[in-house]
Amino acid sequence: PRYLGPESLIHGAKFYFPWESMKTDITLVVTEWSHGRSKHLLSHLDEKDHPFSEVVVMLPSNVEARDDGQNMTIVPTRSQHRVASDWMDICEAEVKTDWFMLT
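All values reported here derive from a predicted model rather than from experimental measurement. (Residues numbered from 1 in each chain as written. Predicted model: local features only at pLDDT ≥ 70, side-chain atom pairs only at ≥ 80, totals over all residues. Heavy atoms only, no water.)

*Asks:* Explain the sheet that holds strand β4 (residues 99-102) to me, please; I cannot follow it from the model alone.
*Replies:* Where strands meet in a sheet, backbone hydrogen bonds hold them as pairs that are either parallel or antiparallel. Ordered by their spatial adjacency, four strands build an open sheet running β3-β2-β1-β4, and the pairing between neighbours is parallel. Of all strands in the sheet, those with a lone pairing partner are β3 (77-81) and β4, marking the two edges. In this sheet, adjacent strand axes meet at a mean angle of 25° when their direction is disregarded. Where strand β2 (residues 52-59) meets β3, five bridges bridge the pair, whose relative direction is parallel. (Pairing = 2+ DSSP bridges. Helix = DSSP H or I, 4+ residues; strand = E, 2+ residues; numbered from the N terminus. Axes fitted to C-alpha atoms, helices over the stretch in contact; angles between N-to-C directions.)

*Asks:* Would you mind going over a nonpolar patch on the surface with me for this structure?
*Replies:* A surface patch of nonpolar side chains, about 210 Å² in accessible area, is lined by Ile-90, Phe-100 and Leu-102. Mapping Leu-102 onto the fold places it in strand β4. (Patch = residues over 30% accessible without salt bridge, like charges linked within 9 Å, V, L, I, M, F, W, Y side chains within 5 Å. Areas by Shrake-Rupley, 256 points an atom, 1.4 Å probe, with all protein chains shown as cover. Salt bridge = Lys/Arg side-chain N within 4 Å of Asp/Glu carboxyl O.)

*Asks:* Mind showing me how you'd approach the pattern of salt bridges here?
*Replies:* Two side chains bearing opposite charge may form a pair once their charged atoms approach each other closely. In this structure the tally under the stated criterion is two salt bridges. Across the salt bridge formed by Glu-54 and Arg-78, the nearest N and O atoms sit 2.7 Å from each other. You can see Glu-54 sitting in strand β2 and its partner Arg-78 sitting in strand β3, a full 24 residues away along the chain. Arg-78 carries the same exposure label as Glu-54, and that label is buried. One salt bridge connects Arg-82 with Asp-89, and the closest N-O pair in it is separated by 2.8 Å. Of the two residues examined, Arg-82 and Asp-89, each falls in the buried class. (Buried < 20%, exposed > 50% of the residue type's maximum accessible area, 1.4 Å probe, protein only.)

*Asks:* Got a minute to help me understand the nonpolar core in this structure?
*Replies:* Residues Ile-26, Leu-28, Val-30, Leu-42, Leu-45, Phe-52, Val-55, Val-57, Leu-59, Val-63, Val-75 and Trp-99 constitute the largest nonpolar core, which totals twelve residues. For this core, the secondary-structure elements that each account for two or more residues are β1 (26-31) and β2. Looking at this core, the element that brings in the most residues is β2, giving four residues. (Core = buried A, V, L, I, M, F, W, Y, C linked by side-chain atoms within 4.5 Å.)

Note that every value here comes from positions in space, so none of it alone points to a role or purpose.
Here it is in structure tokens:
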């Protein structure tokens, strides 16, 4: 985004830089370790005021990708199998927005 400096990663706990939510979408990337662990988060997402325009659930290669998340929230949700260690989800998630948040 044009209003940032040379940073490619901003850690929210250390630095707060507001984005223009009406102009810029943000994706929520969810690290999943076994099928179903993210169900609670997804099923309660619509109860909160949040800025997310999409959710990407990062799955281990041995977990079947299902579209369950689409039935739990009105936010478009998709699954992606990780091809590297889970700590690489921050780099490997196929995010189409300028901004994303990893949980």
